[in-house]
Structures are given as structure tokens and as C-alpha cells.
Amino acid sequence: MDAQENPVPDAAAPPDLEPAARRIVTLLGPVDDSRLDGPTPCPDYAVRELLGHLAGLATAFRDAARKDLGASTAVSPDAALPVLDDDWREALPRRLDEMAAAWRSPGAWTGMTRAGGVELPGEVAGAVALNELVVHGWDLARSTGQPYTAGEAELRSCEALLAPAEEDGPDDPDGAGGADAGNATDGSDSLFGVPVPVPDGSPLLDRVIALSGRRPDWRPGG
């Protein structure tokens, strides 16, 4: 059989952030001003802070992909509550599109970069960027009463990033925590917070959301 008739997929190809970014843009339409002070699954954020955080991370991870390591990549997102700009309806979709486009460059996934004031490999930064879009997209959907889905490849990437690393053992003598060294190594914490237990057989999206420290059944006022 001709090789072109049975192509072998590139298992190492980095994920495309565009679907997750576009889902968030779609969610923005129904968000009128009356919803901006509503609660979100992020305890410290109302909807307006969540949107401000999305705008900030879109800029930071766009610049991280470009290796444009200036002020946008130097500040921790926990430094202060995000402020939502007045022009967010126009600016946020544009920033999300720019972020997704920047991570389509193969060079974004190589070498070192910086985001949130942390130096990290490009491939890790890209995985974190995708995870931020997926989890905070879910946050926005739940906060505003909208449905949310995500692709399996996206969710598998998030699951791998968020799963607590195994405790150090004989195969990890240096205490590096394996490939997920950025995660806690005590089995109790993840990139976002303490994972929430979910029933066996829960959907993959629910498992990812639970690994991020959120209750998959969260509802405003619930």
C-alpha cells in the first residue's frame, strides 16, 4: 500500500489551542452586564474578575509563545485581582485569537519561556496555556448557565498536567516528581488546588474539572 494512503499520525504534534479559545469567544455573547458580578467556581472571582483573568492570561501566554518576555509574562496572576477593561468585548476575543495563533508556531513549544513570572519549558507552558483555556472556559460556562464540552485530546492533556505526581520512590531518587515536576509530589495537590473526589466512571471532563479543585456539579448559588 502506498504510504500516502495510510498516513501515520504524528503522535508528538503539539495540541491546537484554537478550539478551546474559540469556545470561550462563543461563551462571551450571552454575558451581559447584569452577569458580571455573579459568582464563579473560582472563590475569589466574580464573572468580571474571571473575564479579566482570561484577558491577562491570553496576553501573557501569547507573549510566552512568542518568547516576548516583558511585563506581561513577569507578573504572577495572584499578585492582584484582575481588572476588566471597558473594551473587553472587543479586546478579549482578539487576545484569545492571538494567543491561539502564537501557539501554532512550532518554535513556541521549544526552548525556555516565561509565564506568570515562572521560567518553564515551552512545551510545558503550552500545556498550561491549554489547561487554562479549558478549565476557565468551563468556569465561565458554569457561571453563566451555558453548556460546555471539550475535545478528548484537550482533556487528556489537561488530565496529564493536573494529575498529582507520584511520591518519590526508587525510580525517582532526585525527587523530581517525574515529567509533572511542576505539580505537588505529596499526592494531594494539583496545579490549581486540592483535587475533588468523583465517582468511578465519571466523564473525562468531570475528572479534569475535579483535578483542578472544582466540583463538577457546581452551580451559581449551589
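Quick notes on the rules
Residues numbered from 1 in each chain as written. Predicted model: local features only at pLDDT ≥ 70, side-chain atom pairs only at ≥ 80, totals over all residues. Heavy atoms only, no water. Axes fitted to C-alpha atoms, helices over the stretch in contact; angles between N-to-C directions. Helix = DSSP H or I, 4+ residues; strand = E, 2+ residues; numbered from the N terminus. Parallel < 35°, antiparallel > 145°, perpendicular 65-115°, else oblique. Contact = heavy atoms within 4.5 Å. Nonpolar A, V, L, I, M, F, W, Y, C, P; charged D, E, K, R; others polar. Left-handed = near helix turned anticlockwise from the far one by under 90°. Salt bridge = Lys/Arg side-chain N within 4 Å of Asp/Glu carboxyl O. Buried < 20%, exposed > 50% of the residue type's maximum accessible area, 1.4 Å probe, protein only. Pairing = 2+ DSSP bridges. Core = buried A, V, L, I, M, F, W, Y, C linked by side-chain atoms within 4.5 Å. Arc of directions from axis to C-beta.

**What about the packing of helix α1 (residues 18–28) against helix α3 (residues 88–102)?**
Then, number 1: Close contact between α1 and α3 brings their axes to 9 Å; oriented N to C, the two are set at 170°. Comparing the axis directions of α1 and α3 gives the class roughly antiparallel. Taken together, the residues of α3 that come into contact with α1 (itself represented by Glu18, Ala21, Arg22, Ile24, Val25 and Leu28) are Trp88, Arg89, Leu92, Pro93, Leu96, Asp97 and Ala100.
Then, number 2: When grouped by side-chain class, the residues that make up the contact of α1 with α3 number 9 nonpolar, no polar and 4 charged.

**A look at the packing of helix α2 (residues 47–66) against α3**
Then, number 1: The geometry of α2 relative to α3 is characterised by a closest axis approach of 8 Å and an angle of 30° between their N-to-C directions. Here α2 lies roughly parallel to α3, going by the angle between them. Note on packing geometry: the crossing formed by α2 with α3 is left-handed. For the pair α2 and α3, the contacting residues are Leu51, Leu54, Ala55, Gly56, Leu57, Ala58, Thr59, Phe61, Arg62, Ala65 and Arg66 in the first and Trp88, Leu92, Arg95, Leu96, Glu98, Met99 and Ala102 in the second.

**Regarding the pattern of salt bridges**
Then, number 1: On inspection of all chains with the given rule, the structure shows 13 salt bridges.
Then, number 2: In this structure, the salt-bridge partner of Arg62 is Glu98, at a minimum N-O distance of 2.7 Å. On the criterion of sequence distance, the pair formed by Arg62 in helix α2 and Glu98 in helix α3 is long-range, its members being 36 residues apart.
Then, number 3: Of the residues examined, Glu98 reaches a relative accessible area of 25% and is grouped as partly exposed.

**Quick word on the pairing of strand β2 (residues 118–121)**
Then, number 1: Taken together, the 4 bridges between strand β1 (residues 112–115) and β2 define a ladder with antiparallel strand orientation. Paired with Ala115 across the strands is Val118, a residue of β2.
Then, number 2: Taking the residues that link successive antiparallel strands as the turn, the β1-β2 hairpin has 2 residues, and the phi of Gly116 there is positive, at about 60°.

**Brief notes about the side chain of Ser212**
Then, number 1: Within the secondary structure, Ser212 is located in the segment after α6 (204–211).
Then, number 2: Overall, Ser212 belongs to the buried group, its relative accessible area being 2%.

**Regarding the nonpolar core**
Generally speaking, a soluble globular protein has its nonpolar side chains buried in company with each other.
Then, number 1: Leu17, Leu51, Met99, Trp103, Leu133 and Leu140 are the most contacted members of the largest nonpolar core, which has 54 residues in total.
Then, number 2: When contributions to this core are tallied by element, the ones reaching two or more residues are α1, α2, α3, α4 (122–143), α5 (152–162) and α6.
Then, number 3: Each residue touching Met99, except ones within four places of it in the same chain, is listed here: Leu17, Leu57, Ala58, Phe61, Arg62, Ala129 and Leu133.

**Digging into α5**
Residues that lie three or four places apart on an α-helix share one face, since the helix turns once every 3.6 residues.
Then, number 1: Taken together, the buried positions of α5 are Glu154, Leu155, Cys158, Leu161 and Leu162. Burial along α5 is one-sided: seen end-on, the buried residues are contained in an arc of 125°. For α5, exposure combined with an orientation more than 90 degrees from the buried face picks out Glu152 and Ala153.
Then, number 2: Those residues of α5 that are buried lie in contact with α1, α4 and α6.

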